[in-house]
Amino acid sequence: ESYSLPLWFYSYSRKRILENTLSLTMLFPVRLTGTKYGCGTGGCGACTVMISRYNPTIKRISHHAANACLIPICSLYGAAVTTIEGIGSTKTRIHPVQERIAKCHGTQCGFCTPGMVMSIYTLLRNHPEPSLEQLTDALGGNLCRCTGYRPIIDACKTFWLVTICLMTPVTLSLSLLFKISLKLFSEEEFLPLDPTQELIFPPELMIMAEKQPQRTRIFGGDRMTWISPTTLTALLEAKFKYPQAPVVMGNTSVGPEMKLKGVFHPVIISPDGIEELNFANCSHNELTLGAGLSLTQVKYILGEVIQNLPEEKTRMYRALLKHLRTLAGSQIRNMASLGGHIVSRHLDSDLNPLLAVGNCTLNLLSKKGKRQVPLNEEFLRRCPSADLKPEEILISVKIPHSRKWEFVSGFRQAQRQQNALAVVNSGMRVFFGEGGDIIRELSISYGGVGPTTVCAKNSCRKLIGRPWNEEMLDVACRLVLDEVTLPGSAPGGRVEFKRTLIVSFLFKFYLEVLQILKRMDPVRSPGLADKYESALEDLHSGHHCSTLKYENVDSKNLPQDPIGQPIMHLSGIKHATGEAIYCDDMPTVDRELFLSFVTSSRAHAKIVSIDLSEALSLPGVVDIVTEEHLRGVNSFCILSEPEKLLRTEEVSCVGQLVCAVIAESEVQAKQAAKRVKVVYQDLQPLILTIEEAIQHNSFFEPERKLEYGNVDEAFKVVDHILEGEIHIGGQEHFYMETQSMLVVPKGEDQEIDVYVSTQFPKYIQDIVASTLKLPANKVMCHVKRVGGAFGGKTYKTGIMAAITAFAANKHGRAVRCILERGEDMLITGGRHPYLGKYKAGFMNDGRILALDMQHYSNGGASLDESLLVIEMGLLKMENAYKFPNLRCRAWACRTNFPSNTALRGFGFPQAGLITESCITEVAARCGLAPEKVRMINMYKEIDQTPYKQEINAKNLIQCWKECMDMSSYSLRKAAVEKFNSENYWKKKGLAVVPLKFPVGLGSVAAGQAAALVHIYLDGSVLVTHGGIEMGQGVHTKMIQVVSRELRMPISNIHLRGTSTETVPNTNISGGSVVADLNGLAVKDACQTLLKRLEPIISKNPQGTWKDWAQAAFDESISLSATGYFRGYESNMSWETGEGHPFEYFVYGAACSEVEIDCLTGAHKNIRTDVVMDVGCSINPALDIGQIEGAFIQGMGLYTIEELHYSPQGVLYTRGPNQYKIPAICDIPTELHISLLPPSQSSNTLYSSKGLGESGIFLGCSMFFAIHDAVNAARQERGLFGPLKLNSPLTPEKIRMACEDKFTKMIPKDKPGSYVPWNVPI
Ligand SMILES: Cc1cc2nc3c(=O)[nH]c(=O)nc-3n(C[C@H](O)[C@H](O)[C@H](O)COP(=O)(O)OP(=O)(O)OC[C@H]3O[C@@H](n4cnc5c(N)ncnc54)[C@H](O)[C@@H]3O)c2cc1C
Ligand code: FES
Ligand code: FES
């Protein structure tokens, strides 16, 4: 009995009936703009919504957070979907979660914010008084690229009832001494959380659930049929009828396959509310779990079972629970089912290795009857005899309780500790039989090392009968390494790391069991030395604790003066309510088209032919733009080298734009793009690495060089000389909003409007005008806000905007182009990988007298900003040190990768790391502490940079000293050493690095800025300027400037966005100076206005702005003024190597402490202290936000963010599931940020300093802390030679550097004997 019906569900109190939504498309066609789309694969959390259902049997409503991008619309029948719009808005009432995240400064670009809010909101619906662990767990699946998470946690903590100490004793005493501020928001003004105010569950859905007969629902579409059985019989019937149809439960496995691999299912069966799949039964001997239970439900049930059973029976459940805590994020765990997890048999499944060793049984059912199959290796390998039959359903899984002498453990290591698929995971079980240590049963299985979970069956069999001792361990390791083999070219790479983990996990299990045996029978079991127990302890954990210190506002200022106040981001509330409009949120324009690019799949090849016929014949396809259409306008000069927009003759990297399909809808455009057939013929040479570029002499001209003193002479007098090198990997911008644009032809006078997410509207205007052969005055570029940019939304954005505009102009219709995350990562390039070579001449006391360096950057296939990046790298390379004799040369290599470009820090994070690595090595050679060598070489007071610009380093030294004090460096260093001497397998490291970050653009013209300020007759003010709001809060600061200058409240001032129509010829927004330069222009405009109005104001000092504006109007005084700043005086001559390229220096220092697990390579940041000299902060909340956001991004750069490329130059890491940016689990457990007292020295906007980029470099304090910890491990193992570590210091590099008997034990492949999966870039 079944029926078909139109699909409807509730979305925030409005009933939505979706017609023709019959394919498995996602929730987004509903077009509620608050729910953001960051990746489309469940990995970022930007699309989080709350799903509520009513269960008529238990009469309860359940709520869970889910990733809308993976929810099939058809699965929502009978559910209420609450999106961000449903919980509060500025038009009605904002919700306390929205208010607090905004007022605690938890939003910057705001693109991740609705997802964050929905995760917290859903948690509070379920647990109005959550613990901190629940709060951070709820946010584990939400990524933020801007904030560094601390302010989001602060917002969460306001819901946490237990008061915690926010201040350490040190900062507490400081606050009493210096009247400093420790908080950036006041909790007193927050709305209380009142659960009675929440939206009610739609009664109609409740009645429907109670009354409606349970019948199978069928939604039929043109291409696909969705069948939702509601009884077991109907499910079996459907599966019998459509044996090939997948049984979609959470859709977290089927969904990504359909999306990324193009798998198509004409029929989908999705059971709904079938009781027989959703139960748990705990009997005397076993726990049976329904296959339909979500992983969250499984987690909860296991927690309960563990509470209620004796410990010895629960060892398997404990192991499963441990893995469930880190498996994916909470949204995925809420959606994914146990059955789906088991049946998918992913190679990196966390649960299957455990279940496979646990003698578990799968209960299967089909129309033909019941069957039981063991969950063993045969099942996992899909052996036909052991697998489900196509018509069978997995009903439940039976997990036996552990027995008295049985021990079970699970291990995993991933690139990131949480929400990251394991590199290797493992399940292990041993059974001894009463009282003994002789192995009776042993099962070991691994994930991540083969096409599915692999069991070491033979090894286990051979070990039966052996006692549990070191000899057994040794034999076991060798047997397992023999059985679980990985070829050198295994997919996923990291082969030696994986092999090492295989045995390291075994060793951990050995120790763990040994320890329990000792506890059970201290007399018989030898146990292990205290020192080795550290192998078993978890990495440091603790509650997040942070303190912020900045000087209170000077009381001289007027009461309403907002300068220096921690004012919330202007769009903060709108970010949190989802009302902030980003490019793709703009409503569809009449007859709008969608554009999708076809990109090259070869790194260096001739295009032999392009066949468009099939693509053009598809429904909805309007046109395909190729190079032929662009004849004469297919190139644009970017900086000094012209760059082609589309390629049709030759491609020089994967991801180059070949043509662009324009269709009526996004789906049609994307489908057609896949049907364009391009035939290539590979060309030689293929240059990927810097070494290959050097070999082929493949460089962008010219080479850059900086020289100071006499290096060659100095080398003759030094005590020692060392030579070394370091590789630094690239970095993806990973802005949360992907490249987005909408081009609208106005239909009159060839006018065209370009709405685009860019940092450089003027450039977009130029390139579009040139491509359309129009004067610039016909092309207007508008940017309301950008969902993160970090340097990545300039030149490539321009190329894509030009092609989109060409299509729009050609067809006289609006065209939208929004990149998918994978396309974005493939096409746009990122931070330049670097190779730094150094030769240092130094004295016994650590003074470096001579330094000869070479920087090589991997620039990619076209010039982009590569030369500027190496120039800035050179000018900033000495960081905080005075090297009296210095020579540094730099080359940008031309390779077959998408061109790399600007990314926060612009060359400095790489150049600075090379210098710091050299210093660390000098310290090691001298037998001195690195901080001593840093201090001895640091700039002191007045000095000169290598390009002969004067520098006053007083504040640098102050930052350094304060950082040393604040972090209690000496005390903690001693504590770290003590910890290291007591722990063999865990090590701690501590490092402090100074920062001198020069700010300036190197030329006066590049620093000019303009603004336009209007006063209206009602006294309200509208301000515009050339800067782009991309999360850094520039618009907020500009309003603060107007407020101070015109002495009017902030509420009186408005800012609508940036446009080439209001402020022409703007410079790029970047380089830490956006607020600085535009603020001076805004100030100038305000002062012009004030000067004009002064006579009027002085005539009526008690008047209002309305009175003054009217009076000015009556006297024909203009109420509109432009403001201008011509740029800081700056110059740099590369011929002489001298100049004054920078206006000022930002100083700082950071100290980080880390703990590493020598057996797995995992690390945890225990504590970071940052001290920064920000001059006089205009807005300490925004400035601290920039510092910590950049710090966390830097931490990512130097530790976990790793791009992988194939030997053919194809990027593998194309989304959050492969490329790991820091998540909430990565932030320091303790974070202290302190701003130096205001200093008036610089002649910038109100003596403030730009902070957008500098903090990123401080992330390298983590790199050197890990370096320190690894060094301690190596020294203990007798390895005293120089330690060479490249960046990023991933778990793989950490583990492999902590050499031990296991790293020696593993087989090594001869280089050249295999084709590796990836090439190190
Ligand atoms: C962003 C993200 C992060 C992830 N991180 C992790 C991680 O850290 N660790 C980890 O182990 N996994 C991880 N996963 C994988 C995740 O655990 C699985 O995708 C999930 O468990 C599959 O369950 P599902 O209900 O969504 O399956 P679905 O996609 O609904 O179905 C998967 C398959 O199972 C079959 N199936 C489902 N139920 C039954 C049944 N009752 N009987 C017969 N066949 C059935 C379907 O036919 C289908 O072929 C992650 C996934 C995503 C998207
Ligand atoms: S867009 Fe859904 S998780 Fe990223
Ligand atoms: S504020 Fe979180 S991604 Fe920008």
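A quick note: this is a predicted structure, and the numbers were derived from the prediction, not measured.

A.B. asks: How should the nonpolar core be read in this particular structure?
C.D. replies: Nonpolar side chains in soluble globular proteins tend to end up buried together. Residues Tyr-446, Trp-468 and Met-1172 are the most contacted members of the largest nonpolar core, which totals 262 residues. A total of 15 residues in this core trace back to one element, the largest contributor, which is helix H18 (residues 495-520). Residues Ala-68, Val-81, Tyr-317 and Leu-351 belong to the second largest nonpolar core, which totals 53 residues.

A.B. asks: Please clarify how the pattern of salt bridges should be interpreted in this entry.
C.D. replies: If you walk through the whole model with that rule in mind, you get 72 salt bridges. Note that Asp-137 is salt-bridged to Arg-333, the shortest N-O span being 3.0 Å. Taken as a pair, Asp-137 in helix H4 (residues 132-138) and Arg-333 in helix H12 (residues 330-335) lie far apart in primary sequence, 196 residues in all. Owing to a relative accessible area of 24%, Asp-137 belongs among the partly exposed residues under this scheme. In this structure, Glu-641 engages Arg-894 in a salt bridge whose closest nitrogen and oxygen atoms are separated by 3.0 Å. One end of the pair, Glu-641, is in strand E25 (residues 641-644); the other, Arg-894, is in strand E37 (residues 885-894), and 253 residues separate them in sequence. A relative accessible area of 23% places Glu-641 in the partly exposed class. Among the charged side chains, a salt-bridge network with shared partners connects Arg-972, Lys-988, Glu-1153, Arg-1167, Asp-1169 and Glu-1230.

A.B. asks: How should helix H17 (residues 470-483) be read in this particular structure?
C.D. replies: Residues separated by three or four positions in an α-helix point in the same direction, a consequence of the helix having 3.6 residues per turn. The end-to-end C-alpha separation of H17 is 20 Å, in line with the 20 Å expected for 14 residues at 1.5 Å each. Inspection of H17 places Met-472, Leu-473, Ala-476, Cys-477, Leu-479, Val-480 and Leu-481 among the buried residues, and these make up the whole buried set. Against strand E18 (441-447), helix H16 (457-463), H18 and helix H39 (1301-1305) lie the buried residues of H17.

A.B. asks: I tried to follow the UniProt feature "binding site: [2Fe-2S] cluster 2" (unreviewed entry) in the chain on my own but got confused; where do I start?
C.D. replies: When the UniProt feature table is mapped onto this chain numbering, "binding site: [2Fe-2S] cluster 2" (unreviewed entry) sits at Cys-109, Cys-112, Cys-144 and Cys-146. For this annotated set, covering 38 residues, all C-alpha atoms fall within 9.4 Å of each other, a compact arrangement in space. With respect to the secondary-structure elements, Cys-112 resides in the loop between helix H2 (96-103) and helix H3 (113-126). Excluding anything up to four places from it in sequence, Cys-112 contacts Leu-143, Cys-144 and Met-736. Within the secondary structure, Cys-144 is located in the loop between H4 and helix H5 (150-157).

A.B. asks: Please clarify how the pairing of strand E27 (residues 657-663) should be interpreted in this entry.
C.D. replies: A regular strand carries its side chains on alternate faces of the sheet. With seven of seven residues buried, E27 lies mostly within the body of the structure. In this structure, strand E21 (residues 593-599) lies alongside E27, joined through six bridges in antiparallel fashion. Each residue of the ladder has a partner; that of Val-598, found in E27, is Cys-659. The pairing of strand E23 (residues 621-625) with E27 spans four bridges and is antiparallel. Across the sheet, Ile-624 pairs through a bridge with Val-661, a residue of E27.

A.B. asks: Help me out: how do you make sense of H18 in this one?
C.D. replies: The terminal C-alpha atoms of H18 lie 38 Å apart, and with 26 residues this matches the ideal 38 Å at 1.5 Å per residue to within 8%. Most of H18 sits inside the fold, with 20 of its 26 residues counted as buried.

A.B. asks: Can you walk me through the state of the cysteines in this structure?
C.D. replies: Note: disulfide means a covalent bond formed between the sulfur atoms of two cysteine side chains. According to the stated counting rule, one finds zero disulfides in the structure shown. Unpaired in terms of disulfides, Cys-104 finds its nearest cysteine sulfur in Cys-156, a separation of 8.9 Å.

A.B. asks: Can you help me understand the site of ligand 1 in this one?
C.D. replies: Near ligand 1 there are 32 residues, and of these Val-247, Met-249, Thr-252, Ser-337 and Asp-350 occur at the shortest range. The backbone of Gly-250 places a nitrogen or oxygen atom 2.9 Å from an oxygen atom of ligand 1. Taking Val-254, its main chain carries an N or O atom lying 2.8 Å from an oxygen atom of ligand 1. Considering ligand 1 on its own, with 980 Å² of exposed area, one finds that the protein chains cover 92% of that surface. With five residues, helix H13 (residues 338-344) is the single largest residue contributor to the shell around ligand 1. When its residues are assigned to classes, the shell around ligand 1 shows 16 nonpolar, 13 polar and three charged.

A.B. asks: What exactly am I supposed to notice about the environment of Gly-340 here?
C.D. replies: As for its position among the elements, Gly-340 is in helix H13. Separated by 86 residues in the primary sequence, Gly-340 and Val-254 place their C-alpha atoms 9.1 Å from one another.

Reading the values: rules and limits
- Residues numbered from 1 in each chain as written.
- Chains lettered and ligands numbered in written order.
- Predicted model: local features only at pLDDT ≥ 70, side-chain atom pairs only at ≥ 80, totals over all residues.
- Heavy atoms only, no water.
- Core = buried A, V, L, I, M, F, W, Y, C linked by side-chain atoms within 4.5 Å.
- Buried < 20%, exposed > 50% of the residue type's maximum accessible area, 1.4 Å probe, protein only.
- Helix = DSSP H or I, 4+ residues; strand = E, 2+ residues; numbered from the N terminus.
- Salt bridge = Lys/Arg side-chain N within 4 Å of Asp/Glu carboxyl O.
- Expected span 1.5 Å × (residues − 1).
- Contact = heavy atoms within 4.5 Å.
- UniProt positions renumbered as here; feature names shortened; annotations may be inferred.
- Pairing = 2+ DSSP bridges.
- Disulfide = S-S within 2.5 Å.
- Near = heavy atom within 4 Å.
- Polar contact = N/O pair within 3.5 Å; in protein donor to acceptor, adjacent residues only side chain to side chain.
- Areas by Shrake-Rupley, 256 points an atom, 1.4 Å probe, with all protein chains shown as cover.
- Nonpolar A, V, L, I, M, F, W, Y, C, P; charged D, E, K, R; others polar.

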